[in-house]
Amino acid sequence: MVLQSEVRELRQWSARSFSLFSTRPPALSFRPGHYLRLSLPGDEAESVPWRAYSIVSAPAEPWLEFFLTLIPDGALSPRLTALRPGDGLLLSLPPLGFFLADSLAEGEVLWLLATGSGIGPYISMLREGSLWQRFARVVLVCSVREAADLAYDEECRTLAARLPAFDYVPVVTREARPGVLSQRIPDLLTAGVLAQPALDARRDRVMVCGNPAFSAEMRTLLGNHGFTPCRGGQPGTMLFENYWKDRR
């Protein structure tokens, strides 16, 4: 089913990072971690591609929010980041995806690891709040190239100050920032900087959302430490978002 939405706001965080807000069709329901395929209205002579984007807004919020990274030569992202209030946006329903926290086996500490716009589904989960019903502690680690790309930094810092069970760790790899880590997430984990003691599959659960190279490296790192994937409806100890290739 294809439904039409209307752009309400486009918020630019940096030269690459944008949050897109649109109206929410009454027929739409979703869970934190789901994504929608987006496109734009076009005439018969124009074929506008569809691309997948995680839903950033919480299920109870009356609008839709998406976090976009501009890919200059992409098929859709340059057009999405050029939208203005009142412009039309197409949504393909139903929401899709298996990047759902309750797919994981029971554990004590939930690690949410992201690069770039991979933070999107985690913001929806944090706003919805049911993570703390399953885990004693939640740790969000988001790695970006430059500090300006930490789009949800203030929101995450505010939440961390309010909730003792939530830790937020920003990482900026190409710009020196006081008090901010600068190594890549896999290197920080290997060096024992992020987790003391080291990640333990008996206690920790890990979700990974980011670029394909990061996901592949994390899959190997976690697998070497005894973490198992969620497969065939069976709970595991690590979970990966896999639609990243379809985001241009």
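Starting afresh in each chain, residues are numbered from 1 along the sequence in its written order. Totals for whole chains, interfaces and linings use every residue, but because this is a predicted model, local features are given only for residues with pLDDT of at least 70 and side-chain atom pairs only at 80 or more, for both listing and counting. Hydrogens and water molecules were not included; the side-chain quantities draw on all heavy atoms of the structure.

### As for the overall build of the chain
And then number 1: Counting its secondary structure elements, the chain contains 5 helices and 11 strands.
And then number 2: Taken over the C-alpha atoms alone, the chain extends approximately 55 × 40 × 35 Å along its principal axes.
And then number 3: Two residues qualify as a contact provided that any one of their heavy atoms is within 4.5 Å of a heavy atom in the partner residue. The contacts in the chain between residues at least 6 apart in sequence include a share of 71% that link residues at least 24 apart.
And then number 4: Per-residue and other accessible areas follow the Shrake-Rupley method at a 1.4 Å probe size, with only the shown protein chains counted as cover for residues. If you sum the accessible surface of the chain, you get close to 11600 Å²; carbon and sulfur atoms cover 51% of it.
And then number 5: Where the 26 positive side-chain charges of the chain centre and where its 26 negative ones centre are 4 Å apart. Each helix corresponds to a stretch of at least 4 residues labelled H or I by DSSP, and each strand to a stretch of at least 2 residues labelled E; elements are numbered beginning at the N terminus. Only four residue types enter the tally: Lys and Arg on the positive side, Asp and Glu on the negative side, with His and both chain ends excluded. Here the site of a charge means atom NZ of a Lys, CZ of an Arg, CG of an Asp or CD of a Glu.

### Looking at the sheet that holds strand β8 (residues 137-144)
And then number 1: Spatially, the 5 strands line up as an open sheet ordered β9-β8-β7-β10-β11, and their pairing is parallel. Either end of the sheet is taken by a strand with one partner, and the two such strands are β9 (166-172) and β11 (238-240). In this sheet, neighbouring strand axes are inclined to one another by 15° on average, regardless of whether the strands run parallel or antiparallel.
And then number 2: Whenever a helix is involved, its axis is fitted only over the stretch in contact; in every case the axis is a line through C-alpha atoms, and angles between N-to-C directions fall within 0 to 180 degrees. Across the sheet, helix α5 (residues 212-224) touches β7 (109-115), β10 (204-209) and β11, and the angle it forms with β11 is around 165°. Only strands that DSSP links by at least two bridges are regarded as paired with each other.

### Describing the nonpolar core
And then number 1: One finds L112, I119, Y122, L140 and M207 to be the most contacted residues of the largest nonpolar core, which totals 33 residues.
And then number 2: Sorting the residues of this core by element identifies β7, α2 (120-128), β8, α3 (153-162), β9 and β10 as the ones contributing at least two each.
And then number 3: Once residues within four sequence positions are removed from consideration, I119 is found in contact with F67, A114, L140, C142, Y152 and C156.
And then number 4: The nonpolar core is taken to be a set of buried Ala, Val, Leu, Ile, Met, Phe, Trp, Tyr and Cys residues, with the residues joined through side-chain atoms within 4.5 Å. Burial status follows relative accessibility: with a 1.4 Å probe on protein chains alone, a residue under 20% of its type maximum counts as buried, one over 50% as exposed, and anything between as partly exposed. With 23 residues, the next largest nonpolar core counts I185, V208, F214 and M238 among its residues.

### Here we look at the environment of M218
And then number 1: Inspection of the secondary structure assignment puts M218 in helix α5.
And then number 2: Sequence separation of M218 and V206 is 12 residues, and the distance between their C-alpha atoms is 9.8 Å.
And then number 3: With residues near it in sequence (within four places) discarded, M218 still touches L113, I185, P186, L189, V208 and F240.

### A closer look at the state of the cysteines
And then number 1: When two cysteine sulfur atoms lie within 2.5 Å, the pair is treated as a disulfide. Scanning all chains against the criterion turns up 0 disulfides.
And then number 2: C142 forms no disulfide, and the closest cysteine sulfur to it belongs to C156, at a distance of 7.7 Å.
And then number 3: Considering cysteine sulfurs only, C209 is the nearest to C230, which forms no disulfide, with 14 Å between them.

### Some thoughts on the sheet that holds strand β3 (residues 35-39)
And then number 1: Taken together, 6 strands build an open sheet; the order of strands is β4-β3-β6-β1-β2-β5 and the sheet is antiparallel. Sheet topology places β4 (51-54) and β5 (63-69) at the edges, where each strand pairs with a single neighbour. Strand-to-strand, the axes of this sheet are offset by a mean angle of 40°, without reference to chain direction.
And then number 2: Inspection of the sheet shows β3 paired to strand β6 (residues 88-96) by 4 bridges, in the antiparallel sense. From the neighbouring strand, S39 faces β6, where its bridge partner is L90.

All quantities given are derived from atomic positions and should not be read as evidence of function.
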